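Examination of the molecular architecture
Take a look at the letters that make up each chain.
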Amino acid sequence: MNNQSCIPIKKEWDIVGARQYGRDIAKNLGFGSVDQARIATAISELARNIYLYAQKGKICFDIVEGVNKKGIKIVAIDEGPGIEEISKVMEDGYTTSGGLGAGLPGIKRLMDDFDIISEVGKGTEITVVKWLR
Amino acid sequence: MDTVLQDIVLGNSDEIVKKWINEVEKNSVHKYSLTISEELFDSTNREFVNVIFVSVQNQGSKDDLKDFAERIINFGWPLNYLTEGMQAFRRVTTNFIIERSETLDAERFKQVLESVDEWVDPIVNFLVSEYSGSWESTVSLQKVALQELSAPLIPVMDGITVMPLIGTIDTERAKLIMENLLEGAIKHNAEVVLIDITGVPVVDTMVAHHIIQAAEAVRLVGSTCILVGIRPEIAQTIVNLGIDLSKFPTKSSLRKGFQSALEITDRAVVNLKDKGNEMENMIDSLNKG
Amino acid sequence: MMRIPILKLHNYLLISIQIDLDDQTAIQFQEDLLKKIHETGATGVVIDLTSVDIVDSYIAKVLGDVVSMSDLMGAKVVLTGIQPAVAITLIDLGIHLKDVPTSLDLEKGLIKLRQELEE
């Protein structure tokens, strides 16, 4: 199944648009209300990171199938400054924006799978998956 | 498929069966005979070897094998009975063919081994997958059953709800517990939620972490969470592990927890009749008479 | 951008947020509320979140800030009606809103405010 679709993130309102779109996909896949909120919140955080640090980028949605399971895959791609020390941003409480510092570790807790690729000066790609329970 | 070899095996099936049964009994009688009667063991062995021969004869047809496997699984025979049986068949058959061969060079040897593998391997694969299939379905059924008894929420009175937790708490269950807890608190409009961990055998750092998270989430939706049923050994482990539970109220028993739940909701239990007074009244009335 | 209406009732201000909050609206709301506290001299504020189904870290920060700011201006704030899904995602994000009073619904929130203000 290939349902990939992407939403560009350029302005603040796109954050709301992206999370609503993701929530609809999650709902149609059969996620419960709590997981829908988890997915939507994770998208919101990812989109906000793009908006804050890279100014523009995109969020892509995909339905993935594993052995006996199905899930939603969300990929956040930007061509921003990249992240110098990934292990540092994965620490709870680390922040550069003056937010709450929930950031990436928070997103990791909201979702099941988490993967990050980043190159300084080139950009960042974060992939998260939530499996249907 | 080497039909010559197949003919040798099928043509001498009686002899092979005899050898096989000897082999199987030698190997396994001490293991299974405790729970299984000798007659049943004998008849099952015969059935098993028949099924093997049928399968060798009509390559591909697995109907008999399926029936046999189902019955064996239902009776609860161990999987290694089947795998050991197949190993014995491989040994016996290979030996038998080799003993009958006039020429014994490397080529012949290889040919024999390959043919026997070709008969044995599909059967082994089939039996193992039947077994693991039945295990998987059992496991998933048990998972569902466990989820069903996972986290009941009992509204004991207006504004007070109890969730008794029983058994080990893993991450998956913790999520379910948290969801049930919060949904229930809202649904029953519960100002106080009591989590009773009397039935949780071990509270380690992870379990405590899940409980703390649940308690904090309960506070966010606007209720108060009281942790009750803390046994002495649980209190010891919690302190020894350095887990900080000071932020939310804990009580040793559900009774005490319920008492503070009543206080929080501005209520109290009153005796409708004062038994002490009644006694005095009775004695008074006797005196008067 | 939308403006969130703020209602006055005696010494209290009541706010029910019924839209998906974006950053601009949240900041605007923060300003409006503080201004309103200043104008009315309100001593208590109830912010009802029953209809809010997503609170991310930024919105949570704005809400947490507004509680501390109102406190500085002499108005106690209670958040009410936080949905289970929202509470769980906040906990997952590691946001505990420790100093923020909460209640199940608007009514209980008002009772809580009255009790706290009487003390």
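Here is what the cut-offs are and how they apply
- Residues numbered from 1 in each chain as written.
- Chains lettered and ligands numbered in written order.
- Predicted model: local features only at pLDDT ≥ 70, side-chain atom pairs only at ≥ 80, totals over all residues.
- Heavy atoms only, no water.
- Helix = DSSP H or I, 4+ residues; strand = E, 2+ residues; numbered from the N terminus.
- Buried < 20%, exposed > 50% of the residue type's maximum accessible area, 1.4 Å probe, protein only.
- Contact = heavy atoms within 4.5 Å.
- Areas by Shrake-Rupley, 256 points an atom, 1.4 Å probe, with all protein chains shown as cover.
- Lys, Arg positive; Asp, Glu negative; His and termini not counted.
- Charge placed at Lys NZ, Arg CZ, Asp CG, Glu CD.
- Pairing = 2+ DSSP bridges.
- Axes fitted to C-alpha atoms, helices over the stretch in contact; angles between N-to-C directions.
- Patch = residues over 30% accessible without salt bridge, like charges linked within 9 Å, V, L, I, M, F, W, Y side chains within 5 Å.
- Salt bridge = Lys/Arg side-chain N within 4 Å of Asp/Glu carboxyl O.
- Phe/Tyr/Trp six-rings, centres within 6.5 Å; stacked < 30°, edge-to-face > 60°.
- Lys NZ or Arg CZ within 6 Å of the ring centre and 35° of its normal.
- Disulfide = S-S within 2.5 Å.
- Domains from an automatic or database assignment.

**Observations regarding the overall build of chain C**
Helices and strands together make up the secondary structure of chain C, namely four helices and five strands. Beginning at the N terminus, the succession of helices and strands in chain C can be written as β-β-α-β-α-β-α-β-α. Its C-alpha atoms give chain C principal-axis dimensions of roughly 35 × 30 × 20 Å. Among the 119 residues that make up chain C, the fraction classed as buried is 57%. Taking all contacts inside chain C whose residues are at least 6 apart in sequence as the whole, residues at least 24 apart take part in 74%. Only carbon and sulfur atoms are counted for the fraction: they give 52% of the accessible area of chain C, which is about 5200 Å². Computed over 10 positive and 18 negative side-chain charges, the separation of the two mean positions in chain C equals 6 Å.

**Here's the deal with the sheet that holds strand β5 (residues 102–103) of chain C**
All names here are of chain C. Taking strand neighbours across the sheet as the criterion, the five strands line up as β1-β2-β3-β4-β5 in an open arrangement whose pairing is mixed. The open sheet has two free edges, formed respectively by β1 (6–9) and β5, since each of these has just one partner strand. In the packing of helix α1 (residues 23–40) onto the sheet, contacts are made with β1, β2 (12–16) and β3 (44–48), and the angle to β2 comes to roughly 160°.

**Things to note about a negative patch on the surface**
On the surface, Asp63, Asp64, Asp67 and Glu70 of chain B cluster together into a negatively charged patch. Summarising the element assignment, Asp67 of chain B is placed in helix α4 (residues 63–75).

**Section: the packing of aromatic side chains**
What the rule picks out here adds up to seven aromatic pairs over all chains. Seen in terms of ring centroids, Trp20 of chain B and Phe48 of chain B are 5.4 Å apart; in terms of plane orientation they differ by 80°. Their pairing is edge-to-face. Of this pair, Trp20 of chain B sits in helix α2 (residues 13–32) while Phe48 of chain B is found in helix α3 (residues 38–57), placing the two residues 28 residues apart along the sequence. Comparing Trp20 of chain B with Phe48 of chain B, the two get one shared label, buried. Aromatic pair Tyr131 of chain B and Trp135 of chain B: ring centres 5.4 Å apart, planes at 65°, arrangement edge-to-face. Taken as a pair, Tyr131 of chain B and Trp135 of chain B lie in helix α6 (residues 106–148) at a separation of four residues, close to a single helical turn. Residue Tyr131 of chain B is classed as buried on the basis of its relative accessible area, which comes to 3%. Lying over the aromatic face of Trp131 of chain A, Lys69 of chain A brings its terminal NZ or CZ to 4.3 Å of the ring centre.

**Thoughts on the state of the cysteines**
All names here are of chain A. For the structure shown, the criterion picks out one disulfide over all chains. Between the sulfur of Cys6 and that of Cys60 lies a disulfide, 2.0 Å long from S to S. Note on the Cys6 and Cys60 pair: the S-S dihedral is about 100°, so by sign convention the disulfide is right-handed. Placement of Cys6 in strand β1 (residues 5–9) and of Cys60 in strand β2 (residues 57–66) is noted, with a sequence separation of 54 residues between them. Among the residues examined, Cys60 registers a relative accessible area of 2% and is labelled buried.

**A word on the pairing of β2 of chain A**
All names here are of chain A. Among the ten residues in β2, seven count as buried, and that is most of the element. For β1 and β2, the ladder comprises five bridges, and the chain directions are antiparallel. When the bridges of β2 are listed, Cys6 appears paired with Cys60. Pairing of β2 with strand β3 (residues 69–78), which is carried by ten bridges, proceeds in the antiparallel orientation. Residue pairing in the sheet places Gly66 in a bridge with Lys69 of β3. Hairpin connection of β2 to β3: two residues between the antiparallel strands, including Asn68 at a positive phi of 60°.

**Description of the pattern of salt bridges**
Overall, the coordinates contain 22 salt bridges over all chains when judged by the stated rule. Lys19 of chain B is the partner of Glu99 of chain B in a salt bridge, and the nearest nitrogen-oxygen pair spans 3.6 Å. In this pair, Glu99 of chain B sits in helix α5 (residues 79–100) while Lys19 of chain B sits in helix α2, placing the two residues 80 residues apart along the sequence. Linking Lys76 of chain C and Asp71 of chain C is a salt bridge whose minimum nitrogen-to-oxygen distance equals 3.4 Å. A relative accessible area of 29% places Lys76 of chain C in the partly exposed class. A residue is classified by how much of its surface remains accessible, and Asp71 of chain C, at 43% relative accessible area, is partly exposed. Sharing partners across several salt bridges, the network here consists of Asp35, Arg38, Asp112 and Lys130 of chain A, Glu179 of chain B together with Asp92 of chain C.

**Section: the domain arrangement of chain B**
Partitioning chain B into domains gives domain 1 (3–147) and domain 2 (154–264). Summarising the inter-unit geometry, the C-alpha centres of domain 1 of chain B and domain 2 of chain B are found 54 Å apart.

**A look at unusual backbone geometry**
The backbone phi angle of Asn68 of chain A is positive, close to 60°, even though this residue is not glycine. Tracing the chain through its elements places Asn68 of chain A in the loop between β2 and β3. Of note, the phi angle at Asn189 of chain B is positive, near 55°, even though the residue is not glycine. Position of Asn189 of chain B among the secondary structure elements: in the loop between α7 (171–187) and β3 (192–199). According to the relative accessible area criterion, Asn189 of chain B is partly exposed, its value standing at 34%.

**Comments concerning the sheet that holds strand β5 (residues 123–131) of chain A**
Across a sheet, strands are paired by hydrogen bonds formed along the backbone, either parallel or antiparallel in direction. Residues and elements named next belong to chain A. Sheet architecture is open: five strands sit in the order β1-β2-β3-β5-β4, paired in antiparallel fashion. For this open sheet the edge positions go to β1 and β4 (113–119), each flanked by a neighbour on one side alone. Between one strand and the next, the sheet's axes are offset by a mean angle of 15°, whatever the strand orientation. Pairing analysis gives eight bridges linking β3 to β5, with the strands arranged antiparallel. Directly across from Ala76, in β5, lies its bridge partner Ile126. Against the sheet, helix α4 (residues 103–110) engages β4 and β5, with an angle of about 150° to β4.

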